[in-house]
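# Per-entry structural report
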Amino acid sequence: MSAASPTGFVSDWDQDGLDTDEMVVNMGPQHPATHGVLRVELRTDGEVVRAARPHIGYLHRCFEKHCENVDYPGVMPYADRMDYCAAMGNTLGFALTVEKLCSIEVSPYVQTVRVIMAELQRIASHTIAVGTYTMDIGAFTPFLHLIRDREKILDLFEWTCGARLLYNYNWVGGVSHDLPDGFVRATRDFLREFEAVTFPELLDLIIHNRIFVRRLSHVGVCSPELAISYDLTGPNLRGSGIARDLRKDFPYSGYESYDFDVCVGTGQYGPKGSCFDRNWVRVVEMRESAKILHQALDRLEKMEKADVHEKVPKRVKPPKGEIYFRSEAPRGQLGYYLVSDGNINPYRLKVKSPCFTAMSVFHHLAKGMLIADVIALIGSLDIVLGEIDR
Amino acid sequence: MDATYAYLVWLFPAAAQWPSWLVTLVITALPALACFSFMALGPLVYVYAERKVAGFMQDRLGPMRVGPYGLLQTVADTVKLLFKEAIFPRKVDRKLFIIAPILVNVGAFMPFVVIPWGARLQPADLNVGVFYVSAIAALSTVGIIMAGWASNNKYALFGAMRSAAQIVSYEIPSLLLILVPVMLVGSLSLLDLTQAQAGGLQNWLLFRYFPIMPVAFVCFFVTGLAETNRAPFDIPEAESELVAGFHTEYSGFFFAMFFMAEYTEMFVFSAVATVLFLGGYLAPHPALQQIGPVAMGWFWLWFKAWFLMFVMMWLRWTLPRSRVDQLMYIAWKVLLPIALVLVVLVGGLVLVPATANGFPWDRYVAWPLTLLLAGFLTLVMIRALRWDKGRARELALPAGGAAPARQVVR
Amino acid sequence: MDAAAIHAALVQRFGERITGASLDAGSPFAIVATDAIAEVAAFCKADPALALDNLMCLSAVDYPKETPPRMEVVYHLFSYRHLHSFALKLHVPRESPAVPTVEGVWGVANWHEREAWDLFGIVFTGHSDMRRILLPDDWEGHPLRKDWQDPEYYNGLHVKPTPQMMERALAGETIGVGPFDFTPDNKHVEEP
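None of the values given here were measured: they were computed from a predicted structure.

Our next topic: the overall build of chain B. Tallying secondary structure elements over chain B gives 15 helices and two strands in all. In terms of C-alpha radius of gyration, chain B reaches 24 Å, essentially the compact-globule figure of 22 Å for 410 residues. Viewed in the frame of its principal axes, chain B has a C-alpha envelope of about 80 × 60 × 50 Å. Expressed as a percentage of the 410 residues in chain B, the buried residues total 39%. Pairs at least 24 apart in sequence give 76% of the contacts found in chain B among residues at least 6 apart.

The structure is reproduced here in structure tokens:
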């Protein structure tokens, strides 16, 4: 099944049957540009990739099995750690799933707080996505500029709940900490600088840069049918021109009352659905998230403060039943399939992570590209191995 | 060389009686050795400069801890690299593995022999100076391929092959563009090229045949970026694709040698570009050539070469990387045609006696253009500083202060 | 189309191969006979009224305590054209479960089915690449089944501390369970 060479390199392809022009190259699992521990086996003819095989599972931590042994609030820290670059989204999805099964309705105040945190997390997650992507393409400076802004968001998170990366913030029935005094003003300061400085600079410096565009605009083109068939969601799907966003189609946590646009890849420099388009959707989504944040902050200022632990049950014991709930995480649709048998532990919790399905299309798109484009493709799908492997 | 002989006899009167081979050996080797030692300390400064430039462009400070303002950072790094274990992976070709960095350094340091730092401050004035520089610099390509092959690593091989293809492709427009100032001056010797630009800023070859020579300069600069594997042409060491390209498997002192060679090559290229286009060791105004008893030639060459290196660093931290085939496209389909057209054009213009030394409006373009550029850059810097102070004032923080999130005000 | 209408369309086309359904608003699903799933899937995607062109999630659940004990494979489907969703379920036996693959209908099923095989042991017949995806290639067993026991050893390393180790540790011996505490013999062999 796997052929080992004298140097110990294990390949799934039968190396004796290889055309003599072809070479099997391993990318990873330790590699600067694979965004985590991912191993990609490439069969190349010089620089051209003839076949690609991703190998995942290096970060598998048996999340689903653990969930069967802890109670529902105990699942939250585990859920954080799946997509560790956008932890607020994971816990929000799970909290909403359990709340739907238990029929818990949270107050508008808690909903607004959740939306603020989710959108701040979206901006923070996209800064990593776009920043590391430009770094992979070779421009180091935009990454640092974006990380500077991400630091401001992480400072806000730390101020609120004490953690910078993995928060355990969204609880079943509420959130863990209320927003501190001065949070609104600090967030507005951040947004002002972000919209005035970082975002225009990002567009000028790198997004419309000719070298960047030429690297990406004809690479990794994913047609809409392929995207739907391989369940690409979120910015990956919208990059192919399909304007579907769960926050608009099946809104949750009060999203129906906010005014924002769904960002779609327009094929402005090449065919629609290229790596550039997927990246473009993430860039523009940052501005849309800023828009939502302004509205949410305005709303928050007019509301009375409510107790964020008001609806948090003492023991979370959903009735017997099952539910599949999806939310719009920064990387796509995060789906939780929860089967409850009436106990305090979940009977089965299956997570459909957006990066898992995004990675499944990789072998299809990678055929025929150059090795440099493989890097561009992995980065444009914006994968986080924690979420793929759980 | 006769100056060196005079110094030698002054120091050791007995030297006049030495056998001639010893005398020749000493007076040729000593300047070369002095030059080499001096230049070998160069990378210490260039690496520090690169890190500081990178830091400031990325809204951070760069090295600050080792020594005041981090000035001793490269010294610390060098010491660390010297002490690090030089790992030889299994199955590397040991001989090639060791020779490769040596060869790359040879290709990087040898061109210093012909670079003129002053009218008589040149280790050897070869009458094929520019040709010699190109030929020797191409030797590093062999070293790079050796490094990639000997590493027993597919990625290193990729990097080496890409580098070889890139350097060889860009040699052609590079040589053609070198021909342009050479045709104008009529000599390959670097000293002659410099002295043909005597008399001040307006005589520099950059401003002849305006706007033809500036185009040649820009294209030559681009080929130089590709020759020295700098961004946007740093595919061979594309950090995020091939880990470190051809020098992935090198560690410790061997890596230090590659590093040294890269920055030295950058300086060599900048120095050659300065000699060809920017007047070499000549000051912009003849009055500045000699301040009191001190000849300032070396300072001016340094200043101009360092400015070009700063531009290289500036570009590296701004631009992303071109893909290999796009790189090749630029070399063969953009730069080569431009270079050919320029050679034919300038060659024709040189033959016509009326324009043998340049267009009539050249002398009026030089100073205005330079002052405009310098003024523009100064204005940009002033504006950036004022914006920074304004932002700090707005947030009621000390200049360069912390993130706003910690304010507890409502 | 709402759940009842989708269910009606399926029953009209496949008759008694749709063996059951539950149509409450929260999570409607229809139970399909195992050998019919490939055709049902193809119909769901191709039929213009259903147009369930997206497989949102393919999960496997283990129910050893039901009567009869079974495993379920749940397909959550969604339509981008009509924006409706539906679920299909298969009941498979817990011993040697085998299900026809649907990777020809929805490309993403390739990886989902590999995961179901990896964690539950459900074989998807006709799959092009039936091998483990999350666990190491040499792992034995299927951990997410309810009757899973942690192995004692994996490649010669203790997986969990045993009670005997605890006694020895309390007696003062230095015990470790990690790879760094079991120093293997130096297996480096010089090539000739």
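Residue and element names in this part refer to chain A. Most of strand 9 (residues 332-340) is tucked away, with nine of its nine residues classed as buried. Pairing analysis gives nine bridges linking strand 8 (residues 321-329) to strand 9, with the strands arranged antiparallel. Looking across to strand 9, one finds that I323 is bridged to L338. With antiparallel pairing between neighbouring strands as the criterion, strand 8 and strand 9 make up a hairpin whose turn holds two residues.

Turning to the interface of chain A and chain C, a few remarks are in order. If you look at the interface, chain A gives 28 residues, while chain C gives 25 residues. When residues in the side of chain A that touches chain C are grouped by element, the largest group, five residues, is from strand 8 of chain A. Per-class residue counts for the side of chain A that touches chain C are 10 nonpolar, seven polar and 11 charged.

Residue and element names in this part refer to chain B. Over its 16 residues, helix 3 (residues 42-57) runs 22 Å from end to end, which matches the ideal 22 Å to within 8%, given 1.5 Å per residue. Where helix 3 is buried, its residues meet helix 4 (73-83), helix 12 (253-277) and helix 13 (297-318). Phi turns positive one or two residues past the end of helix 3, at D59, with a value near 65 degrees.

Attention now moves to the confidence of the model for chain A. Considering every residue of chain A, the mean pLDDT works out to 89; 94% of them sit at 70 or more. For chain A, the element scoring lowest by mean pLDDT is strand 1 (residues 3-4) of chain A, at 44; strand 10 (residues 348-352) of chain A scores highest, at 95.

Take the arrangement of the chains next. Most contacts, among the two pairs of chains that meet, fall between chains A and B. The closest approach of any C-alpha atom in chain B to one in chain C is 9 Å; the two make no contact.

Okay, the confidence of the model for chain B next. All names here are of chain B. Per-residue confidence for chain B gives a mean pLDDT of 84; residues scoring 70 or more make up 93%. Taken element by element, the predicted model of chain B shows its lowest mean pLDDT in helix 11 (residues 239-242) (52) and its highest in helix 10 (residues 212-227) (92). Scored below 50 in pLDDT, residues 397-410 shows 29 contacts in the model against residues more than four places distant or in partner chains. The ipTM for the predicted assembly is 0.89, set against a pTM of 0.86.

Right, let's get into the sheet that holds strand 9 of chain A. All names here are of chain A. Judged by pairing direction, the sheet is antiparallel, and its three strands sit side by side in the order 8-9-10 without closing on themselves. Both edges of this open sheet fall to strand 8 and strand 10, since each of them pairs with a single strand only. Shown here is a sheet whose adjacent strand axes are inclined to one another by a mean of 15 degrees, direction ignored. Where helix 3 (residues 87-102) meets the sheet, it contacts strand 8 and strand 9, and its direction lies at approximately 150 degrees from that of strand 8.

All names here are of chain B. Counted at 1.5 Å a residue, the expected span for helix 5 (residues 94-109) with its 16 residues is 22 Å, and the 24 Å between its end C-alpha atoms agrees. The largest bend along helix 5 reaches roughly 25 degrees and is located at A100, with the proline P101 sitting one to four residues downstream. Every buried residue of helix 5 is accounted for by F97, A100, P101, L103, V104, N105, G107, A108 and F109. Where helix 5 is buried, its residues meet helix 2 (20-40), helix 6 (129-137), helix 7 (139-150) and helix 12.

Right, let's talk about the environment of A:N345 for a bit. Residues and elements named next belong to chain A. Within the element layout of this structure, N345 appears in the loop between strand 9 and strand 10. Between the alpha carbons of N345 and G321 there is a distance of 13 Å; along the sequence they are 24 residues apart. Beyond its immediate stretch of four places on either side in the chain, N345 contacts E68, N69, V70 and D71.

For the rest of this paragraph, the subject is the nonpolar core. One finds A:V374, A:L377 and C:L77 to be the most contacted residues of the largest nonpolar core, which totals 255 residues. When residues in this core are grouped by element, the largest group, 18 residues, is from helix 12 of chain B. In contact with A:V374, other than residues within four places in its own chain, are A:V40, A:L42, A:V49, A:A52, A:A366 and A:M369.

Residue and element names in this part refer to chain C. A sheet is described by the order of its strands in space; here five strands give the open sequence 1-2-5-4-3, paired in mixed fashion. With partners counted over all chains shown, the strands left at the sheet margins are strand 1 (18-22) and strand 3 (54-63), one partner each. Across the sheet, the mean angle separating the axes of adjacent strands is 20 degrees when strand polarity is ignored. In the sheet, strand 4 (residues 70-78) pairs with strand 5 (residues 85-92) via eight bridges, with the strands oriented antiparallel. Considered in strand 5, the bridge of V73 is made with L90. In the packing of helix 1 (residues 3-14) onto the sheet, the strands contacted are strand 1, strand 2 (29-32) and strand 5, and the crossing angle to strand 1 comes to about 175 degrees. The sheet contacts of helix 3 (residues 109-120) involve strand 3 and strand 4, and relative to strand 3 the element is tilted by about 10 degrees.

So, about the pairing of strand 10 of chain A. Each regular strand displays side chains that alternate between the two surfaces of the sheet. Residues and elements named next belong to chain A. By the criterion of burial, strand 10 is predominantly enclosed, with five of the five residues buried. Burial along strand 10 is two-sided: the residues R348, K350 and K352 and L349 and V351 are all buried. In terms of strand pairing, strand 9 meets strand 10 through five bridges, oriented antiparallel. Along strand 10, the bridge assignment pairs Y337 with K350.

With an omega of 5 degrees, the peptide bond running from B:F210 to B:P211 counts as cis. With respect to the helices and strands, the residue B:P211 is situated in the loop between helix 9 (190-195) and helix 10. Between C:T67 and C:P68 the backbone carries a cis peptide bond, its omega angle lying at -5 degrees. Tracing the backbone shows C:P68 in the loop between strand 3 and strand 4. The phi dihedral of A:S253 falls on the positive side, at around 55 degrees, and the residue is not glycine. Structurally, A:S253 is set in the loop between helix 10 (246-249) and helix 11 (275-302). Among the residues examined, A:S253 registers 21 C-beta atoms within 10 Å and is labelled buried. Positioned with a positive phi, B:N229 is a non-glycine residue whose angle comes to about 55 degrees.

The subject of this paragraph is the domain arrangement of chain B. Residue and element names in this part refer to chain B. Each assigned domain of chain B is listed with its residue range as follows: domain 1 (1-38), domain 2 (84-360) and domain 3 (365-398). Here the C-alpha centre of domain 3 lies 31 Å away from the C-alpha centre of domain 2. Taken together, the contact between domain 2 and domain 3 spans five residues of the former and four residues of the latter. When grouped by side-chain class, the residues that make up the side of domain 2 that touches domain 3 number four nonpolar, one polar and no charged.

The next subject is the environment of B:T28. Mapped onto the secondary structure, B:T28 falls in helix 2. As a C-alpha pair, B:T28 and B:A374 span 346 residues in sequence and 41 Å in three-dimensional space.

Take the packing of helix 4 of chain B against helix 12 of chain B next. Residue and element names in this part refer to chain B. Contact pair helix 4 / helix 12: the axes reach a minimum separation of 7 Å and the direction vectors enclose 140 degrees. With respect to their mutual orientation, helix 4 and helix 12 come out oblique. Contacts from T78, L81 and L82 in helix 4 reach F253, F255 and A256 in helix 12. Residue composition of the contact of helix 4 with helix 12, by class: five nonpolar, one polar and no charged.

Analysis parameters
- Residues numbered from 1 in each chain as written.
- Chains lettered and ligands numbered in written order.
- Predicted model: local features only at pLDDT ≥ 70, side-chain atom pairs only at ≥ 80, totals over all residues.
- Helix = DSSP H or I, 4+ residues; strand = E, 2+ residues; numbered from the N terminus.
- Rg over C-alpha atoms; globule rule 2.2 N^0.38 Å.
- Buried ≥ 20, exposed ≤ 12 C-beta atoms within 10 Å, placed from the backbone.
- Contact = placed C-beta atoms within 7 Å.
- Pairing = 2+ DSSP bridges.
- Nonpolar A, V, L, I, M, F, W, Y, C, P; charged D, E, K, R; others polar.
- Expected span 1.5 Å × (residues − 1).
- pLDDT = per-residue confidence, 0-100.
- Axes fitted to C-alpha atoms, helices over the stretch in contact; angles between N-to-C directions.
- Bend = angle between axes of the 7 residues up to and from the residue.
- Core = buried A, V, L, I, M, F, W, Y, C linked by C-beta atoms within 7 Å.
- Domains from an automatic or database assignment.
- Parallel < 35°, antiparallel > 145°, perpendicular 65-115°, else oblique.

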